Amino acid sequence: MSNFREALIELEETYTIVIEWHKEVTSTNDLAKRGIYSHGDIVLAESQTAGRGQRGNRWSSSEGDNLTFSIVLKPNHVVAESQFYISKAIALAIVKTLAAFDIRATIKWPNDIYVGDRKICGTLIENDLMGTNLTKSVAGIGINVNQREFDPALLNPVSMRVVSKRGYNRAQVLEQFLKAVFPLFNLVDNGEFGAIDEEYFANLYRRNGVYRFAEPGGVPFDASIEQVLPSGALVLRKSDGTTKQYLFKEVAFVL
Ligand code: BTN
């Protein structure tokens, strides 16, 4: 643990950011939302008593095994309607992080990170808008690094350790994330969306082929992914040839 904290201090110096380490917090996102942080600063915790996931779910992570942290991003030029690009950049940064350790991951729309059909990382992005501008984004990230066993109630969790049968140095994983995230963020802040769109689509889970989807409470149907719109909406092509746009929570992959 002390090696980990020493390595975090080195990362702070390399990236000129603050990395606030906590043994236990409610949720790193809650702390990171306070107005005291600068662009790139990180709040990291070994355990969260009220870790938050998507759709009002809890995020569970065994103490000291994983990376649970929130990074504060402060765009200068991103408008509200482009806010999904921050999610795309974060998802791509995680795919690149895992690739640096030879783990091939994909992005399950909108921003879960999968290895095969199992979830290795979740992200919870909370944005602050001022008028039509995105002023701050708190990207909460839970990467399953060294966890061996998971809550049986979880659908399909996996960790880097389970995937590759070896342990990882968490500071090195965080370092790869920092290396990846700032250039991707800069592309977004400079409005270079084409590059982000291309990479996001290329790394999308179930990008090719026909798969089963379901609308909440609806009859499952087969469709292929046509595209993801700048708004973040998923466009599916159904077997009858028609297309339909879905916002987050309006459709789910059937696994
Ligand atoms: C999900 O897939 O449901 C999103 C999970 C996000 C978990 C991370 S862990 C660090 C940060 N703090 C939280 O309370 N949640 C995010």
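In what follows, the structure referred to is the one given above.
Remember, it's a predicted structure, so these values are computed and weren't measured experimentally. (Residues numbered from 1 in each chain as written. Predicted model: local features only at pLDDT ≥ 70, side-chain atom pairs only at ≥ 80, totals over all residues. Heavy atoms only, no water.)

1. Side note on helix H5 (residues 170–189)
For clarity, the cut-off: Numbering goes from the N terminus for both helices and strands, where a helix is a DSSP run of H or I of at least four residues and a strand is a run of E of at least two. Helices are assigned an expected span. That span is 1.5 Å times one less than the residue count. What qualifies as a polar contact is a pair of N or O atoms within 3.5 Å, subject to a donor-acceptor requirement within protein and to the restriction that residues adjacent in sequence count only when both atoms come from side chains.
Taking 1.5 Å of rise per residue, the 20 residues of H5 would be expected to cover 28 Å, and the 28 Å separating its terminal C-alpha atoms lies within 8% of that figure. One side-chain oxygen at the N-terminal end of H5 lies 2.9 Å from the backbone nitrogen of Ala171; it belongs to Asn169. Phi turns positive, to about 75°, at Gly191, one or two residues after H5.

2. As for a negative patch on the surface
Applicable threshold: What makes a patch is a set of residues exposed beyond 30% relative accessible area and free of salt bridges, joined within 9 Å when like-charged and within 5 Å when nonpolar (Val, Leu, Ile, Met, Phe, Trp, Tyr). For accessible areas, the Shrake-Rupley method is used with a probe of radius 1.4 Å. Any residue's cover is judged against the shown protein chains and nothing else. Should a side-chain nitrogen of Lys or Arg be within 4 Å of a carboxyl oxygen of Asp or Glu, the pair is scored as a salt bridge. His is not counted here, nor are the chain ends, while Lys and Arg score as positive and Asp and Glu score as negative. A single reference atom marks each charge: NZ on Lys, CZ on Arg, CG on Asp, CD on Glu.
Negative charge collects at one region of the surface, where Glu6, Glu10, Glu13 and Glu175 lie side by side. Of all the elements, helix H1 (residues 2–15) adds the most residues to the negative patch, at 3 residues. Mapped onto the fold, Glu175 is located in helix H5.

3. Some thoughts on the environment of Thr97
Just so we agree on the cut-off: Per-residue accessibility, obtained with a 1.4 Å probe over protein chains only, is compared with the maximum for each type, and a residue is labelled buried under 20%, exposed over 50%, and partly exposed between these values. Residue contacts are counted whenever heavy atoms from the two residues lie within 4.5 Å of one another.
Checked against the element boundaries, Thr97 lands in helix H3 (residues 84–99). Residue class for Thr97 comes out buried when judged on its relative accessible area of 1%. Note: C-alpha distance between Thr97 and Lys179 (82 residues apart in sequence) is 8.3 Å. Excluding its chain neighbours within four sequence positions, the residues that come into contact with Thr97 are Val173, Gln176 and Phe177. One polar contact links the side chain of Thr97 to the main-chain carbonyl oxygen of Ala93, over a distance of 2.6 Å. A distance of 3.5 Å separates a polar atom in the side chain of Thr97 from the backbone nitrogen of Phe177.

4. Comments concerning H1
Which entries qualify depends on this criterion: What the arc measures is the spread of directions leading from the helix axis to the C-beta atoms.
Here H1 contains 14 residues, and its C-alpha end-to-end distance of 20 Å stays within 8% of the 20 Å for a straight helix at 1.5 Å per residue. When H1 is considered as a whole, its buried residues turn out to be Phe4, Leu8 and Leu11. Seen along its axis, H1 keeps its buried residues to an arc of 60°; they face one direction. In H1, those exposed residues whose orientation departs by more than 90 degrees from the buried face are Ser2, Asn3, Glu10 and Glu13.

It is worth stressing that arrangement in space is one thing and function is another; only the former is reported here.
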